[in-house]
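Topology and contacts: notes
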Amino acid sequence: MELKNKIKREKSAALFAEAKEYFPGGVNSPVRAFKSVSGPPLFIKHGEGCRITDEDDNVYLDFCCSWGPLILGHNNNHIRESVIKTIAHGTSFGTPTKLGNELGKLIVDNNRFIEKIRFVSSGTEAVMSAIRLARGVTGKSKVVKFEGCYHGHVDSLLVKAGSGLVTFGESTSAGIPESFAKETLVIPLNDREAVEEVLKQYAHETACIIIEPIPANNGLLLQDKDFLVFLREKCSEYGVLLIFDEVISGFRVGFEGAAGVYDIQPDIITYGKIIGGGMPVGAYGASKEIMSHIAPEGAVYQAGTLSANPVAMSAGFAACEMLVRDGFYETMERKTKYFVGLLEAFCHIHNYEVTFPTIGSIFWVAFSNKRIQAADEIDPESMEKFKILHHELLQRGVYLGPSGYEVGFVSSAHTIEDLEVAARIIGECLHLANNG
Ligand SMILES: *Cc1c(COP(=O)(O)O)cnc(C)c1O
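About the criteria used
Residues numbered from 1 in each chain as written. Predicted model: local features only at pLDDT ≥ 70, side-chain atom pairs only at ≥ 80, totals over all residues. Heavy atoms only, no water. Phe/Tyr/Trp six-rings, centres within 6.5 Å; stacked < 30°, edge-to-face > 60°. Helix = DSSP H or I, 4+ residues; strand = E, 2+ residues; numbered from the N terminus. Pairing = 2+ DSSP bridges. Domains from an automatic or database assignment. Contact = heavy atoms within 4.5 Å. Buried area = accessible area lost by both parts, 1.4 Å probe. Salt bridge = Lys/Arg side-chain N within 4 Å of Asp/Glu carboxyl O. Polar contact = N/O pair within 3.5 Å; in protein donor to acceptor, adjacent residues only side chain to side chain. Axes fitted to C-alpha atoms, helices over the stretch in contact; angles between N-to-C directions. Left-handed = near helix turned anticlockwise from the far one by under 90°. Nonpolar A, V, L, I, M, F, W, Y, C, P; charged D, E, K, R; others polar. 1 Å grid on protein atoms, 1.4 Å probe; cavity = no way out; pocket = protein on both sides within 12 Å on 5 of 7 lines; lining within 4 Å. Points joined across faces, edges and corners; volume = space filled by probe spheres on them. Disulfide = S-S within 2.5 Å. Buried < 20%, exposed > 50% of the residue type's maximum accessible area, 1.4 Å probe, protein only. Near = heavy atom within 4 Å. Areas by Shrake-Rupley, 256 points an atom, 1.4 Å probe, with all protein chains shown as cover.

With the rule as written, the count across this model stands at eleven aromatic pairs. Between Phe63 and Phe339 the ring centres are 5.2 Å apart and the planes differ by 0 degrees, which places this aromatic pair in the stacked class. Of this pair, Phe63 sits in the loop between β3 (59-62) and α2 (77-87) while Phe339 sits in helix α11 (residues 328-349), and the two are 276 residues apart along the sequence. Seen from their ring centres, Phe346 and Tyr352 are 6.3 Å apart, and the 50 degrees between their planes marks the pair as tilted. Through a chain of ring-to-ring contacts, three or more aromatic side chains come together here, namely Phe34, Tyr60 and Tyr399.

Pairing is antiparallel across the open sheet formed by three strands, whose spatial order is β14-β15-β17. The open sheet is flanked by β14 (358-359) and β17 (408-409), the only strands paired with a single partner. Bridge analysis of β14 against strand β15 (residues 362-363) gives two bridges, and the strand direction is antiparallel. The residue bridging Ile359 from the neighbouring strand is Ile362, located in β15.

Across three bridges, strand β2 (residues 51-54) lies against β3 in antiparallel orientation. If you follow Arg51 over to β3, its bridge partner there is Leu61. Inspection of the sheet shows β3 paired to strand β16 (residues 398-399) by two bridges, in the parallel sense. Its bridge partner lying in β16, Asp62 is registered against Tyr399.

Turning our eyes to something else, we now look at the domain arrangement of the protein chain. According to the domain assignment, the protein chain contains domain 1 (10-75 + 326-435) and domain 2 (77-323). For domain 1 and domain 2, the distance between their C-alpha centres works out to 25 Å. Taken together, the 28 residues of domain 1 in the interface contact 30 residues of domain 2. In total, domain 1 and domain 2 occlude about 2,500 Å² of area from one another, counting both sides; carbon and sulfur atoms represent 61% of this. In terms of surface lost to domain 2, no three residues of domain 1 exceed Tyr329, Ile359 and Gln373, which account for 26% of the buried area on that side. Summed over the shared surface of domain 1 and domain 2, the result is one salt bridge. Note that Asp224 and Arg371 form a salt bridge whose closest N and O atoms lie 3.1 Å from each other. Scanning the region where domain 1 abuts domain 2 turns up twelve residue pairs in polar contact (both at pLDDT 80 or more). Looking at the side of domain 1 that touches domain 2, the elements with two or more residues in it are α11, β14 and β15. Here the side of domain 1 that touches domain 2 gets three residues from one element, more than from any other, and that element is α11.

What follows is about the packing of helix α3 (residues 98-109) against helix α10 (residues 310-323). Where α3 contacts α10, the axes come no closer than 9 Å and their chain directions differ by 30 degrees. Relative to α10, α3 is oriented so that their crossing is left-handed. Between α3, through Leu99, Gly100, Glu102, Leu103, Leu106 and Ile107, and α10, the contact on the second element is made entirely by Pro310, Met313, Ser314, Gly316, Phe317, Cys320 and Glu321. Counted by class, the contact of α3 with α10 contains eight nonpolar, three polar and two charged residues.

As for its placement among the helices and strands, Glu392 is situated in helix α12 (residues 382-395). For Glu392, the contacting residues outside a window of four places in its chain are Lys6, Cys429 and Leu432.

Counted by the stated rule, this structure contains two cavities of 30 Å³ or more. Estimates place the volume of the largest cavity at around 70 Å³. Lining the largest cavity are Phe363, Trp364, Val365, Phe386, Leu400, Gly401, Ser403, Gly404, Glu406, Val407 and Gly408. For the lining of the largest cavity, the class distribution of residues is six nonpolar, four polar and one charged. In this structure, the second largest cavity spans a volume of roughly 50 Å³. For the second largest cavity, the full set of lining residues is Pro69, Leu70, Ile71, Leu72, Gly73, Ile79, Ile274, Gly277, Gly278 and Ala319. Tallied by class, residues from the lining of the second largest cavity come to seven nonpolar, three polar and no charged. Structurally, the lining of the second largest cavity is a two-domain feature, drawing no fewer than three residues from each of domain 1 (10-75 + 326-435) and domain 2 (77-323).

In this section: the state of the cysteines. This model, assessed by the stated rule, comprises zero disulfides. The cysteine Cys235 is free of any disulfide, with Cys208 supplying the nearest cysteine sulfur at 8.8 Å. Overall, the relative accessible area of 0% leaves Cys235 in the buried class. No disulfide involves Cys429; its sulfur sits 12 Å from the nearest other cysteine sulfur, which is in Cys347.

It is worth spelling out the environment of Lys11 at this point. Topologically, Lys11 is positioned in helix α1 (residues 10-22). Along the backbone, Lys11 and Ala366 are 355 residues apart, and their C-alpha atoms lie at a distance of 32 Å. Leave out the neighbours within four places in its chain, and Lys11 touches Glu55 and Asp56.

Here the focus is the site of the ligand. Taken together, Ser122, Gly123, Thr124, Tyr150, His151, Gly152, Glu212, Asn217, Asp245, Val247, Ile248 and Lys273 make up the full set of residues adjacent to the ligand. With respect to the ligand, the backbone of Gly123 contributes an N or O atom lying 2.8 Å from an oxygen atom. Separating an oxygen atom of the ligand from a side-chain N or O atom of Thr124 is a distance of 2.6 Å. Expressed as a share of its isolated accessible area of 380 Å², the protein-covered part of the ligand is 82%. Considering only residue class, the shell around the ligand consists of three nonpolar, six polar and three charged.

Shown next as structure tokens:
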């Protein structure tokens, strides 16, 4: 079905046409191209609180929040001022800085699950380094991942399951040697039998199991705490390290991320997104013992020219300073529950098969009444409904990430009134998506 624009997006369309001359697909990160929804991507020129403004001067209530980092909303005063103050002294020295210490201390002192941390510049880099660390510590090479979890564009993790309970990965991207993909085993989420089986067969070769403890990159596939506890126990039993990839969930569901929420001690944790306050920062952390394997202390090499640069550190510090304040996460969760409650009530009254899985300030629009906990339980057909929803929302000034597999984020800048307005508009558009 052809979806027509009522609002002007001419400037975005023209810029996108131009961008296609310079960038593959017109973008610098693939989902931005709006391939799974309709129309040209929006070119955004300004963000303030929970609102973004595109080049055509349309204003949207934003629930993408730069894909998660902006838990304090756009253009937060405190972060901006901190960055401006720092940048006046230069942007990068390639030396240690006091600001790096300050952010490191703030995080480590307020997180029971890591004793030392290393800053990098993206989530992908954090995961790639954590995998190398796990391999260095254990002297083993295989990695187990779960179908439906995303860990950045790390070679050995861009793999999907073949057929069968426990399978060697098949790469999901060209350019990944089969030999790399074969180092990765892929199992379904929420499946104890698969965990047992993979460990029984491959523990002697396996360095680590990596999981998004709150899988939020392929819908929101909330796992039972029991399953995560089971995973922890089995990893310890079989001498395999457990990595929590908390690039999304870290600093989002609580300052200690999912490890804190579920009270589970992984061996290594990766961070990204929120940790940089909107600047490019990633990190990985673990016990002192495990982190002692990293160069220059240990033999696992990992480095970065712009790692922990002062500008990024000052943005991260300004953000984290606000997140550790009492009640921050409680308020975020209460607001998000209220918002999701409005949406669920609406769908219930109208008998729409739509639910809104949620945790902390994350939510997902699931076109299903069933609880979805594994990737293969998502009906690909439902993405057609999302496409209509997304398009109609743009017409009415609400911006969700441009794919039905993406989750939405509430920021501290969304007021109750903003959420009520958004819920009413989303309801209106769900009418169209369901009767479309
Ligand atoms: C976003 C994300 C990554 C990748 O982070 P980038 O900064 O985009 O490289 C890795 N893991 C998870 C869980 C993520 O959500």
